[in-house]
Amino acid sequence: MGDYFKNTKTWKLRGSTNPKVLYLCEGESESEYVDVWLTKRKEDKDNVVVLCFRGLSQIKEKISFLIKEPNFEQVKSVCIFIDAESDFSCAKSQVKNMLRAMKFPCSKSTNVPWVESDGDKKSCVFISPDMKNSGRIENVVINELRSK
C-alpha cells in the first residue's frame, strides 16, 4: 500500500492526522485502489487519508466514533467507495445515511457521477461496479477482461 491508507482498527483524526479529504472505503480492495490512484496523482499526503471500514456492518459504529474526533471538523470532502453487492438501491441508501450522519451533502444521489457540494463541504460517491448495477469492484476487472 501507499502513503494514504491508514490500516488501523480505530479511526483517529487527531494530532498530525488532519486531512481535508477523507476516503471511506468498504474493503481493502477499494482502499488499495484509491491509495494507488492517489499515489499516481501525487496528492498531498498531509491533506488526504484513506480509511477502510471493513464491511458495511461496521460503518455505523465507525462513523459515530469518527465524527467525535478533534480533526473531523477540518474535513471538507468525503469520498465513499463501496460495492453494490446484490442490491444497488440498498447500497445507495446506506451511503446516504453515512453522509447524513457526517453532515455532508447527500441529496443528489441520482447524479452520475455522484458529486455534490453544499457550502464548503463536498461529497463524492462511487458504488461498484458502475453506479447502477449490483456487483463488486472485482466485477470491473472481470468485465474489462471479458471485453478485451
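Heads up: the structure comes first, above all this text.
Residues numbered from 1 in each chain as written. Predicted model: local features only at pLDDT ≥ 70, side-chain atom pairs only at ≥ 80, totals over all residues. Heavy atoms only, no water.

A.B. asks: It is not clear to me how the overall build of the chain should be interpreted in this structure. Could you clarify?
C.D. replies: The helix and strand tally for the chain stands at four helices and six strands. Each helix (α) and strand (β) of the chain, taken in turn from the N terminus, gives the series β-β-α-β-α-β-α-β-β-α. Here the C-alpha radius of gyration of the chain, 15 Å, is about what a compact globule of 148 residues would show, namely 15 Å. With respect to the principal axes defined by its C-alpha atoms, the chain has extents near 45 × 30 × 25 Å. Put simply, 71% of the contacts in the chain that link residues at least 6 apart link residues at least 24 apart. Of the roughly 8,500 Å² of accessible surface on the chain, 48% is carried by carbon and sulfur atoms. Charged side chains in the chain number 25 positive and 21 negative. The centres of these two groups are separated by 3 Å. (Helix = DSSP H or I, 4+ residues; strand = E, 2+ residues; numbered from the N terminus. Rg over C-alpha atoms; globule rule 2.2 N^0.38 Å. Contact = heavy atoms within 4.5 Å. Areas by Shrake-Rupley, 256 points an atom, 1.4 Å probe, with all protein chains shown as cover. Lys, Arg positive; Asp, Glu negative; His and termini not counted. Charge placed at Lys NZ, Arg CZ, Asp CG, Glu CD.)

A.B. asks: Sorry if this is basic, but what is going on with the packing of aromatic side chains here?
C.D. replies: For any pair of aromatic rings, the description consists of the separation of the ring centres together with the inter-plane angle of the planes. Using the criterion set out here, one finds five aromatic pairs in the structure. Both rings, one in Tyr 23 and one in Trp 37, keep their centres 6.4 Å apart while their planes meet at 70°; by these two values the pair is edge-to-face. Taken together, the positions of Tyr 23 in strand E2 (residues 21-25) and Trp 37 in helix H1 (residues 28-41) put the pair 14 residues apart, joining distant regions of the chain. For the pair Phe 81 and Phe 126, a centre-to-centre distance of 5.3 Å together with 85° between the ring planes defines the contact as edge-to-face. Highlighted residues: Phe 81 in strand E4 (residues 77-83) and Phe 126 in strand E6 (residues 121-128), separated in sequence by 45 residues. (Phe/Tyr/Trp six-rings, centres within 6.5 Å; stacked < 30°, edge-to-face > 60°.)

The quantities given are spatial measurements derived from coordinates; they are silent on function.
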